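Here are the chains, one letter per residue:
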Amino acid sequence: MRNSAFTSIGLQFCSFVGCSTRWRGCEETLRWPLGHRSIGFYDRRAKCFSVKSHDNPSSEKVLVIVGGGAAGIYAAIRSKDVDPSLDVLVVEKGKPLSKVKVSGGGRCNVTNGSCVEKMALIENYPRGNKELRGPFFDVHGPLDTMSWFSQHGVELKTEEDGRVFPVSNSSSTVIDCLLLEAKRKEVKLQTGKIVTKASVNADGKFILQVEKQSIGSVEHVEADFMLICTGSSRQGYAIAIQLGHSIIHPSPSLFTFKIADAKLAELSGIAFSRVKAKLKVQNNNKSIPQFSQDGPMLVTHWGLSGPVILRLSAWGARDLAKSDYKGTVCIDFVPDVHIEDVKRILFRHKEKLVKQKMVNSPPSEFGLVRRFWKYLLEREGLDGEVLWSSFSNSSLHSLTLLLKQCPFPIVGKGQFKDEFVTAGGVPLSEISLSTMESRIQPGLYFAGEVLNVDGVTGGFNFQNAWSGGYIAGTSIGTASSIQKSPKNPQNQLAKNNNVP
């Protein structure tokens with residue numbers, strides 16, 4: 001009877017390419033499509049899966065990528081560009097590219113086209129903005145990403161705020177592009193499996209324990225290179241620790257603010273095209289420039305959301321976590337109007353509209369909808385029947401402050417469904433950003449959110465994934481080629497750096 005663990009491999013391992021199995025003594029073999037030089041086998045005595053070449057059993061190298069998200073699939077494709085003979089296996093516990101599918105409201109915010117210059121780009125990364133000043137985005141930046149997808153058949157568009165989407169407005173366009181290219185490159189994909197253990201043997205090869213929990217099977221895979229692209233999954237953190245790395249405790253980033261204000265909740269759906277918001281974290285006296293942001297804001301049934309709030313949440317992620325998500329956000333609803341001009345506008349209205357009710361005549365200069373104007377008046381204790389003539393100077397001063405510095409107590413965090421981002425992960429000091437290789441364990445690489453890098457909303461987190469995946473794929477493909485051609489490593493490196 002065939003080995004059941006291997007039968008699972010035989011069925012799962014080639015989801016991109018057809019294959020068959022056959023019995024050969026103590027080994028079962030996987031045959032790839034005609035013309036592919038490698039076979040996979042499961043050695044029952046060694047209890048591990050490996051890949052070897054028909055022509056030279058020691059020549060072909062194996063890369064296992066843990067995580068089939070944006071960084072993992074992109075890296076798989078790139079590594080095969082550089083070294084087509086490299087055997088690449090992606091192990092994904094769920095559905096591949098699941099974050100790509102839901103990002104941007106299902107449209108996939110591929111990258112950001114308004115921050116193509118490196119110094120402008122890195123200012124959108126609360127974690128990593130110092131380290132990313134190096135060559136990281138020089139190797140593969142937003143323009144390179146847009147060019148890659150365009151060359152692979154995905155037509156893109158850049159919206160007014162700089163976000164880049166496929167013209168189709170469907171994330172499926174991006175997913176199909178990546179998976180079809182991976183299939184064309186003969187990348188192998190196993191889904192529904194997790195890597196639970198990782199170690200390095202005496203030969204410097206990685207031995208990975210792969211489990212398919214739905215049927216309780218356990219397999220072992222041997223690899224020359226390993227790339228961890230697990231995002232914020234505990235799976236990736238556990239593997240990194242097993243291989244000698246430390247982890248910066250993860251905490252949520254990119255979330256909305258819960259505000260304890262029943263009257264505000266009644267205004268759910270009201271949007272502001274531009275406000276200025278300043279964050280004050282409870283029991284924290286830090287003065288951080290990024291704790292002040294401006295941009296669009298949205299009132300929700302639980303509090304405040306929109307780009308300006310999400311940016312504040314990203315920059316304040318770790319401090320807010322320490323404070324149990326307690327603090328205050330002060331909103332300037334008229335950022336383009338000086339506070340003295342706000343007073344003059346209110347005073348002028350008081351003189352001109354003496355007999356009119358204040359609630360019915362909000363100053364047009366402020367651009368506020370009537371429902372929100374009424375909310376501000378009620379916060380000042382002015383009901384709907386108050387006339388402009390009854391508007392006292394002290395109330396005028398208080399209303400001015402509400403318009404320019406309106407405080408909202410933060411009592412918790414909400415969820416931003418378009419992006420799920422975590423601050424924390426493997427410290428950047430433990431890897432080389434020029435190659436994405438571990439400084440602790442040779443042959444081990446990282447890319448994407450598993451690292452302590454996260455960006456604000458707007459396509460920046462995907463750009464981190466594309467850039468890191470591209471660099472890791474290039475480095476692994478290059479290392480594989482050099483190991484198979486040791487006589488001219490410098491020439492091989494130069495050759496691989498020129499691969500498009």
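Report on the accompanying structure.

Rules used throughout
Note that residues are indexed from 1 along each chain, following the sequence as it is written. Since the coordinates come from a predicted model, pLDDT governs what is reported: local features require at least 70, and pairs of side-chain atoms require 80 or more to be given and counted, while whole-chain, interface and lining totals use all residues. Derived side-chain values reflect all non-hydrogen atoms in the structure, with water molecules and hydrogen atoms excluded from consideration. The helix count covers DSSP runs of H or I at least four residues long, the strand count covers runs of E at least two residues long, and both are numbered beginning at the N terminus. The classification of residues rests on relative accessible area computed with a 1.4 Å probe and restricted to protein chains. Under 20% of the type maximum is buried, over 50% is exposed, and intermediate values are partly exposed. Whether two residues touch is decided by their heavy atoms; if any such pair falls within 4.5 Å, the residues are in contact. The method behind every accessible area is Shrake-Rupley, applied with a 1.4 Å probe, and residues are considered shielded solely by the protein chains displayed. Between rings of Phe, Tyr and Trp, where Trp is taken as its six-membered ring, a pair exists when centres lie within 6.5 Å; planes separated by under 30 degrees are stacked, by over 60 edge-to-face, and by other angles tilted. Strand pairing requires that DSSP identify at least two bridges connecting the strands. Only buried residues count toward a nonpolar core. Its members are Ala, Val, Leu, Ile, Met, Phe, Trp, Tyr and Cys residues joined through side-chain atoms within 4.5 Å. Working convention: axes come from line fits to C-alpha atoms, limited for helices to the stretch in contact. Angles between N-to-C directions cover 0 to 180 degrees. Less than a right angle of anticlockwise turn of the near helix away from the far helix marks a crossing as left-handed, whereas a clockwise turn marks it as right-handed. Asp, Glu, Lys and Arg are counted as charged, while Ala, Val, Leu, Ile, Met, Phe, Trp, Tyr, Cys and Pro are counted as nonpolar; the rest, among them Gly, fall into the polar class. Any residue with an atom within 4 Å of a point lines the site, the site being either a cavity, points on a 1 Å grid over the protein atoms alone where a 1.4 Å probe fits but cannot get out, or a pocket, an open set with protein on both sides within 12 Å along at least 5 of 7 lines. Grid points are joined across faces, edges and corners, and a volume is the space filled by probe spheres set on the points. Throughout, disulfides are identified as pairs of cysteine sulfur atoms within 2.5 Å of each other. We call two directions roughly parallel when the angle between them is under 35 degrees, roughly antiparallel when it is over 145, roughly perpendicular when it lies between 65 and 115, and oblique otherwise.

Let's shift gears to the overall build of the chain. Summing up its helical and strand segments, the chain has 16 helices and 25 strands in all. Residues counted as buried form 55% of the 500 residues belonging to the chain. A fraction of 69% describes how many contacts in the chain between residues 6 or more apart in sequence connect residues 24 or more apart. Taken as a whole, the chain presents about 21,600 Å² of accessible surface, with 51% of it coming from carbon and sulfur.

So, about the packing of aromatic side chains. Evaluated as defined, the whole model comprises 18 aromatic pairs. Both rings, one in Tyr-74 and one in Phe-149, keep their centres 6.3 Å apart while their planes meet at 20°; by these two values the pair is stacked. With Tyr-74 in helix 2 (residues 70-82) and Phe-149 in helix 6 (residues 142-151), this pair connects stretches of sequence that are 75 residues apart. Classification of Phe-149 by relative accessible area gives buried; the value is 0%.

Let us look at the pairing of strand 22 (residues 421-425). Where burial is concerned, most of strand 22 is hidden: 5 out of the 5 residues are buried. Pairing of strand 15 (residues 248-253) with strand 22, which is carried by 4 bridges, proceeds in the antiparallel orientation. Its bridge partner being in strand 22, Pro-252 is matched across the sheet by Thr-422.

Once that is clear, we can look at the nonpolar core. One finds Phe-149 and Val-329 to be the most contacted residues of the largest nonpolar core, which totals 134 residues. Take this core: its biggest share by element is 9 residues, from helix 15 (residues 460-484). Contact partners of Val-329, with chain neighbours within four places excluded, come to Phe-257, Ile-259, Ala-277, Lys-278, Leu-304, Ile-309, Leu-312, Cys-406, Pro-407, Phe-408 and Ile-410.

Orientation of helix 2 relative to helix 7 (residues 171-184), taken along the N-to-C sense of each, is 35°, at an axis distance of 9 Å. Seen from above, helix 2 lies across helix 7 with left-handed handedness. Contact with helix 2, carried on its side by Ile-73, Tyr-74 and Ile-77, involves Leu-178, Glu-181 and Ala-182 of helix 7 and no other residues of that element. Within the contact of helix 2 with helix 7, the residues separate by chemical class into 5 nonpolar, no polar and 1 charged.

Quick look at the layout of surface pockets now. Roughly 660 Å³ of internal volume is contained in the largest pocket. Around the largest pocket sit 37 residues that line it, and Gly-69, Lys-99, Thr-230, Gly-231 and Glu-449 are the ones nearest its centre. At the level of secondary structure, the elements contributing two or more residues to the lining of the largest pocket comprise helix 2, strand 6 (87-92), helix 3 (98-106) and helix 15. No other element matches helix 3, which puts 5 residues into the lining of the largest pocket. By residue class, the composition of the lining of the largest pocket is 13 nonpolar, 17 polar and 7 charged. In this structure, the second largest pocket occupies an estimated 540 Å³ of space. Asp-161, Arg-163, Pro-307, Leu-310 and Thr-457 are, among the 30 residues lining the second largest pocket, the residues nearest its centre. Only helix 3, strand 18 (292-299) and helix 10 (307-315) provide two or more residues apiece to the lining of the second largest pocket. For the lining of the second largest pocket, the element with the highest residue contribution is strand 18, accounting for 4 residues.

Under the defined criterion, the tally for this structure stands at 0 disulfides. The cysteine Cys-330 is free of any disulfide, with Cys-406 supplying the nearest cysteine sulfur at 8.1 Å.

In contact at an axis separation of 10 Å, helix 13 (residues 370-379) and helix 14 (residues 393-404) are set at 130° when each is read in the N-to-C sense. Classified by the angle their axes make, helix 13 and helix 14 are oblique. Seen from above, helix 13 lies across helix 14 with right-handed handedness. Contacts from Trp-373, Leu-376, Leu-377 and Arg-379 of helix 13 reach helix 14 at Leu-399, Leu-402 and Leu-403. Among the residues making up the contact of helix 13 with helix 14, the classes are represented as 6 nonpolar, no polar and 1 charged.

A barrel is described by the order of its strands in space; here 6 strands give the closed sequence 16-19-18-17-20-21, paired in antiparallel fashion. Neighbour to neighbour, the strand axes of the sheet diverge by 50° on average, direction disregarded. As paired strands, strand 16 (residues 257-259) and strand 21 (residues 406-413) are joined by 3 bridges and run antiparallel to one another. Across the sheet, residue Ile-259 finds its bridge partner in strand 21, namely Ile-410. Lying on the sheet, helix 10 is in contact with strand 16, strand 17 (271-281), strand 18, strand 19 (303-305) and strand 20 (327-332); it crosses strand 18 at an angle near 130°. On top of the sheet, helix 14 reaches strand 20 and strand 21; it is set at about 105° to strand 20, its chief contact.

Judged from the 6 bridges that link them, strand 17 and strand 20 form a sheet pairing that is antiparallel. Note on strand 20: the bridge partner recorded for Val-281 is Gly-327. The pairing of strand 20 with strand 21 spans 5 bridges and is classified as antiparallel. Opposite Thr-328, over in strand 21, you have Pro-409 as the bridge partner.

Secondary-structure assignment places Val-453 in the loop between strand 25 (444-446) and helix 15. Apart from the residues lying within four places of it in its own chain, the contact partners of Val-453 are Tyr-125, Arg-127, Leu-132, Thr-422, Leu-428 and Asn-464.

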